[in-house]
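Report on the structure
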Amino acid sequence: MKTTSPHHGLISCALLAGSLLASQLPTGAAAGTDQDAAPPGTYATLPSETPATFVPVTDSFDHTRREVMIPMRDGVKLHTVILVPRGASGAPILLTRTPYDANRLTSHAPSAHLGPVLQGYDNATEVIVEGGYIRVVQDVRGKYGSEGDYVMNRPLRGLLNPTPVDHATDTYDTIDWLVNNLPESNGRVGILGISYDGYLPLMALVEPHPALKVAVPMNPMVDGWKGDDWFHNGAFRAQGTLPYIHDQEATRDSHEQWWSAWFDEYDTYMEAGSAGELGRRHGLEQLGFWRKILDHPTYDAFWREQAVDRVLAAQPLKVPVMLVHSLWDAEDIYGAIAVYEALEPKDTGNDRVFLVIGPWYHGQAIGDGSSLGALKFGSDTARFFRREILRPFLDQYLKDDAPEAAVPPVLAFETGTCRWQRLSAWPATEAADRTIRPTPLYLNAGLKATFTKPTAEDAPFDAYISDPAKPVPYRARPIQPVGYGEGMTWSEWLVDDQREASGRPDVLAFVSDFLAEPVKISGQPVANLVASTSGTDSDWVVKLIDLYPPEVAGQPALGGYQLMVSADIFRGRYRESLESAEPIPAEEPLPYQFRLPTANHVFLPGHRIMVQIQSSWFPLYDRNPQTFVTNIFWARPEDYRKAVQRVHHTPDHASFIELPVVAGEPGARGPTSNVAGRTP
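Residues numbered from 1 in each chain as written. Predicted model: local features only at pLDDT ≥ 70, side-chain atom pairs only at ≥ 80, totals over all residues. Heavy atoms only, no water.

Let us now look at the overall build of the protein chain. When helices and strands are counted, the protein chain shows 15 helices and 27 strands. Taking all 680 residues of the protein chain together, 56% fall into the buried category. Summing over all exposed atoms, the protein chain offers an accessible surface of approximately 28,300 Å²; the carbon and sulfur share of this is 54%. The centroid of the 58 positive side-chain charges in the protein chain is displaced by 1 Å from the centroid of its 83 negative side-chain charges. (Helix = DSSP H or I, 4+ residues; strand = E, 2+ residues; numbered from the N terminus. Buried < 20%, exposed > 50% of the residue type's maximum accessible area, 1.4 Å probe, protein only. Areas by Shrake-Rupley, 256 points an atom, 1.4 Å probe, with all protein chains shown as cover. Lys, Arg positive; Asp, Glu negative; His and termini not counted. Charge placed at Lys NZ, Arg CZ, Asp CG, Glu CD.)

Spelled out as C-alpha cells, the structure:
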C-alpha cells in the first residue's frame, strides 16, 4: 500500500541511509552498544580536541587568581575573586563588593601582570599593585556568580527588610571568611568602591567586623530621592534611571539591555510622553524596584528609612572613613557630603572622618584627572590623590609599621584657581580670620544679579513661558545615552557650556557686572526663589554659573564660556512637605528654598556671575505637566500645559542665591561695592 505522505520519498531515503550506515559501523558501534550512551555528536573514533576541563598554566604570572563561593550566615554563597600577589606574606586585603560582575572587574586585560588585569573600573590600580595588596572583588547576592535574591540597595534588616541578612551582614561574613582562609594576609581589611560600590562600604560601617580597619566610599549612592540616582528634590531622573533599572534587574547577569528606537534621547522620552509610559513599553513593571519607584514618588518612609546618612547618624563611629566627592558628579553629587555631615559630629578628635573634594566627574578619581571637558587643571589631580593621599591613608591603617599619613581632615580642590587646600573641616576655617559668610546674590530687575536688594521702583518680576511640548534640553542635542564608553560624553555634561540655554526665551539669565576682585565660595549655595506659576505644579531649575570673559588668552574656546558651578532642580509640589504632594496656588508668589550641590570655587576678576532659572531639564528629568496630577509617572497627554512662570524681585518678594562667601583668606574678597561694580 502506498503512503499518502508527501514526504514518503524522504523517509525512504533516510531509512535506507540508516541501514547502509549501520552495516558499515565497526564492531561494537552498532545500535545497543556503549556508543549510544555518549552525548550526541561525540565520537570515540574522532574525539573532540577541546578537553572537558582546561587548566590554565599561570606559573609565570605575578599573581594567583582564586575564585571561591563564600558562605553567608543564611547559607547563601557569594562568588568572590581573590587576586594574591606572587609571594605575598602578611599582606593586607582591599575588598570591593559589586553588582557589576566581579569577573569582569578583575579581567580587564588578558595579561600575566596584575596591573593590566585591574586597569579599569573599579580599581585604583597603582595603589593596589604598588602597595602589594591582596585584591578581593565579590558579586553581591543575586548578581552574576552569587546565589540569593537581588534587591536594589538592599535595606538594612528591619522595617523594609524582614530577612536576617543585608549588606552589613554579608560584608561581615565575607571579611570573617577572608581573614580565616587567606594565609598570605595580615588579617587587616579595607573596603572601597565607587557609586553603588561606594554605597556598599558605607553599609559595612554598620556593626563592622573587627578586622575592617578602614573604608573609602567614593561617590557613594546615599539618598536616592533627595539628590542621588533616582530623584533630585522629588524630580524623577528619567534618562539615567529607566535604563539602569532595566539592565540591572531584568536578569541576574544583566544580559538584557535597554533598547531605543531613536538616535536622540530627547526624542525617545518625548515620544513616550510620561516616564511611566516609557517604562511600560520596556516591560519595567516586571521589575520589583521599578514598581517601588512608581509606588513611592514622595519622600516617605520607604526613602527615609534607607537614606544612608540617616542610617549612619544613628550608628557609633568605629572605623576610619575617607569620603571622596566629585564637584561635577552627574550621578551621586549628594551622597558624600551628606554622609560627611552625618559623621563629622561623631569625630571628636578630628582624626576618624576624612573628606576629599576633587574637580572630577563620577569615578574620575581612579582615572586621568588632568582635565574635564573644556577645563584643564594644570596637573593630574586624580593621580595626585591616589599617590599622595589614598595610598598613604590605606597603608597607615592596613600595614604593619606604616608611617602615619600626612592626610588632612579635608583636602579640597579649589576650582577657578586650580589649587589644593588642606582644611580642618568642611566648610572650614583655615585660620582664625577666615570665615564663611552667607551672602545674598539678588536676582534683580533687568536680569541683573547684584549684591544689593531690589527697590520698589524696579520692575516686580521677570517672566517666561514654560511649554512641556518644548522642554529645555539639559545639554545640546542630539543627546547621547547615559554611558562611559568610547565617544560618550555623559560624564562631562555638568561642565557643558550653558550659553545655548541662556539664549532661550524660556530661560531667565541674571548676570552680574564684571568682577573687579575675586569672589570665593566654599560650601553649598542655597536657592531662595519667590516665584509664581499660572499652572498648579512646576519645576524650578537653578544654575549658578561662572561667566568667563569675552576672550581668554591661550584658551580661545573658553571665551564667553558659561560654566555651571552648582545647579539643581526642585519639584514645586513638595514646597510645603517632601512627604506629600500639594497643588501650587496659581498666580501666587511663593517662596522655594533648596540647597544646591557643594562648590569650592573662585569667580576671578574679569569674570561675571550668572544665575539661570528654568522649569525643565529634559530628558534627564521627566517633564512636569504643570497641571497638578496625583502621580506624574502616569500623567496623560492632556495634562501637559503651558504655564507663565514669574521670578519676583521686590523688597517684599526678593529672590536670591545665598552664596557661602569666604572672607578673611588672602586673595578672597567679599562682595563689596567695588567687587561687582565694573561694566564691560
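In this section: unusual backbone geometry. Proline 427 follows tryptophan 426 through a cis peptide bond whose omega is -20°. For proline 427, the position within the fold is in the loop between strand 14 (419-423) and strand 15 (435-444). In the segment running from arginine 477 into proline 478, the intervening peptide bond is cis, with an omega of 0°. Inspection of the secondary structure puts proline 478 in the loop between strand 17 (461-466) and helix 15 (499-502). Even without a glycine there, the phi angle at leucine 447 is positive, about 55°.

Below, the discussion takes up the pairing of strand 6 (residues 212-218). In terms of burial, strand 6 is largely enclosed, as six of its seven residues are buried. The parallel pair strand 5 (residues 185-194) and strand 6 is bridged by helix 6 (residues 196-203), and the resulting crossover is right-handed. (Right-handed = clockwise from strand over helix to strand, strands pointing away.)

Next up on the list: the packing of helix 7 (residues 238-249) against helix 10 (residues 288-295). Look at helix 7 against helix 10: their axes get within 9 Å of each other, and the N-to-C directions meet at 145°. Here helix 7 contributes Leu242, Ile245 and Glu249 to the contact with helix 10, which in turn contributes Gly288, Phe289, Trp290 and Ile293. Grouping the amino acids of the contact of helix 7 with helix 10 by side-chain chemistry returns five nonpolar, one polar and one charged. (Axes fitted to C-alpha atoms, helices over the stretch in contact; angles between N-to-C directions. Contact = heavy atoms within 4.5 Å. Nonpolar A, V, L, I, M, F, W, Y, C, P; charged D, E, K, R; others polar.)

A few words on the sheet that holds strand 14. With respect to topology, 10 strands assemble into an open sheet ordered 1-2-4-3-5-6-9-10-13-14, the strand pairing being mixed. One side of each edge strand has no neighbouring strand; the edge strands of this open sheet are strand 1 (63-71) and strand 14. On average, adjacent strands in this sheet sit at an angle of 20° to one another, irrespective of strand direction. Of the strand pairs in this sheet, strand 9 (residues 321-326) and strand 10 (residues 353-358) are connected by six bridges, and their pairing is parallel. Among the inter-strand pairings, valine 321 is bridged to a residue of strand 10, identified as valine 353. Against the sheet, helix 13 (residues 335-343) engages strand 9, strand 10 and strand 13 (410-414), with an angle of about 145° to strand 9. (Pairing = 2+ DSSP bridges.)

Another aspect to go through is the side chain of glutamate 126. Of note, glutamate 126 is situated in helix 4 (residues 125-130). Take glutamate 126: its relative accessible area is 16%, and that puts it in the buried class. Non-local contacts of glutamate 126, meaning those with residues more than four positions away in its chain, are made with Gly131, Arg383, Arg386 and Arg387.

Considering the arrangement of structural elements, one finds glutamate 331 in the loop between strand 9 and helix 13. With relative accessibility at 15%, the residue glutamate 331 sits in the buried group. Placed 32 residues apart in sequence, glutamate 331 and glycine 363 show a C-alpha to C-alpha distance of 9.7 Å. Ignoring any residue separated from it by four or fewer positions in sequence, one finds glutamate 331 in contact with Ser195, Asp228, Asp229, Arg237, His362, Tyr484 and Trp490. Within the structure, the side chain of glutamate 331 is placed 3.1 Å from the side chain of tryptophan 490, a separation counted as a polar contact. (Polar contact = N/O pair within 3.5 Å; in protein donor to acceptor, adjacent residues only side chain to side chain.)

Close approach of charged atoms lets side chains of opposite charge pair. Scanning all chains against the criterion turns up 32 salt bridges. Between glutamate 271 and arginine 281 there is a salt bridge whose closest N-O contact spans 2.7 Å. Within this pair, whereas glutamate 271 is found in helix 8 (residues 265-272), its partner arginine 281 is found in helix 9 (residues 275-281), the two being separated by 10 residues in sequence. For glutamate 271, a relative accessible area of 43% translates into the label partly exposed. Where salt bridges share partners, they join Asp74, Arg97, Arg141 and Asp170 into one cluster. (Salt bridge = Lys/Arg side-chain N within 4 Å of Asp/Glu carboxyl O.)

Next up on the list: helix 7. Here helix 7 contains 12 residues, and its C-alpha end-to-end distance of 16 Å stays within 8% of the 16 Å for a straight helix at 1.5 Å per residue. Summarising burial for helix 7: 10 of the 12 residues are buried, a large majority. Within helix 7, burial applies to Ala238, Gln239, Thr241, Leu242, Pro243, Ile245, His246, Asp247, Gln248 and Glu249. (Expected span 1.5 Å × (residues − 1).)

One finds Trp290, Ile293, Met322, Phe385 and Ile613 to be the most contacted residues of the largest nonpolar core, which totals 182 residues. Ignoring any residue separated from it by four or fewer positions in sequence, one finds methionine 322 in contact with Ala215, Val216, Pro217, Phe354, Val356, Phe385, Ile389, Phe393 and Val407. (Core = buried A, V, L, I, M, F, W, Y, C linked by side-chain atoms within 4.5 Å.)

We now examine the packing of aromatic side chains. Tallied over the full model, the rule gives 34 aromatic pairs. Ring geometry for tryptophan 225 and tyrosine 299: centres 5.1 Å apart, planes at 40°, overall tilted. With a gap of 74 residues between them, tryptophan 225 in the loop between strand 6 and strand 7 (231-232) and tyrosine 299 in the loop between helix 10 and helix 11 (301-304) connect regions that are remote in the sequence. Pairwise contacts between aromatic rings join Trp225, Phe231, Phe236, Trp290, Tyr299, Phe302, Trp303, Tyr574 and Phe633 into one cluster. A cation over an aromatic ring shows up here: lysine 143 above the ring of tyrosine 150, its NZ or CZ 5.4 Å from the ring centre. Directly above the aromatic system of tyrosine 640 lies the positively charged group of arginine 623, at a separation of 4.0 Å from the ring centroid. (Phe/Tyr/Trp six-rings, centres within 6.5 Å; stacked < 30°, edge-to-face > 60°. Lys NZ or Arg CZ within 6 Å of the ring centre and 35° of its normal.)

The subject of this paragraph is the side chain of threonine 268. Structurally, the position occupied by threonine 268 is in helix 8. Accessibility expressed as a relative area gives 5% for threonine 268, which makes it buried. Engagement of the side chain of threonine 268 in a polar contact is seen with the side chain of serine 260, the distance being 3.2 Å.

As a further point, take the pairing of strand 26 (residues 643-648). Within a regular beta strand, the side chains point alternately toward one face of the sheet and then the other, so they alternate between its two faces. Both strand 17 and strand 26 contribute to a ladder of six bridges, which runs antiparallel. Bridge pairing in strand 26 places phenylalanine 461 opposite histidine 648.

This brings us to the confidence of the model for the protein chain. Low pLDDT means the predicted coordinates in that region are not meant to be read closely. Of all residues in the protein chain, 92% attain a pLDDT of 70 or more, and the chain-wide mean is 93. Residue range residues 1-33 is modelled with pLDDT below 50. Its contacts to residues more than four positions away, or to other chains, number six contacts. Under a pLDDT of 50 for its full length, residues 673-680 has, in the predicted model, 21 contacts with residues more than four places off or in other chains. (pLDDT = per-residue confidence, 0-100.)

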